[in-house]
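Here is what each chain is made of, one letter per residue.
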Amino acid sequence: MATYTPNFPGSNSIVEESWLDGRAKGQSEGKAEGKAEAVLHVLKARGIEISGSVRERVTECTDLEALETWLDRSLSVTRAEELFVGE
């Protein structure tokens, strides 16, 4: 007896896998963008001047762990450059 295996378009295909990979990448990039915005927002709210180089480094970062560290540090630093101490 033959077994019927449905095969819907895109089901278990390279296209579906690429779409899922792209979606996960987009979500990760969105999280990084949100954390970067939060770091800059906290610094601005605290009245700390943000140089172009600091802004660029924060906004271009995609490492969620680094951004989380910088967000924590943004609560207590006195200069924006102190976010990167020890790196």
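Here's a quick rundown of the structure. (Residues numbered from 1 in each chain as written. Predicted model: local features only at pLDDT ≥ 70, side-chain atom pairs only at ≥ 80, totals over all residues. Heavy atoms only, no water.)

**So, helix 3 (residues 64-74)**
Note the threshold: Three labels apply to residues, based on accessible area from a 1.4 Å probe with only protein chains included: buried if under 20% of the type maximum, exposed if over 50%, partly exposed otherwise in between. Working definition: helices are DSSP H or I runs of at least four residues, strands are E runs of at least two. Numbering for both runs from the N terminus. Summarising the geometry, the arc corresponds to the directions from the helix axis toward the C-beta atoms. Two N or O atoms form a polar contact when they lie within 3.5 Å of each other; inside protein one atom must be a possible hydrogen donor and the other a possible acceptor, and for residues adjacent in sequence the pair counts only when both atoms belong to side chains.
Looking at helix 3, one finds that the buried residues are A66, L67, W70, L71 and S74. All buried residues of helix 3 project into a common sector of 140° when viewed along the axis, lining one side. With a side-chain oxygen lying 3.0 Å from the backbone nitrogen of E65, the N-terminal cap of helix 3 falls on D63.

**A closer look at the environment of E37**
Topologically, E37 is positioned in helix 1 (residues 14-45). Of the residues examined, E37 reaches a relative accessible area of 49% and is grouped as partly exposed. The spacing of E37 and L71 is 34 residues in sequence and 9.5 Å in space, taken between C-alpha atoms.

Any link to function would need more than the numbers given here.
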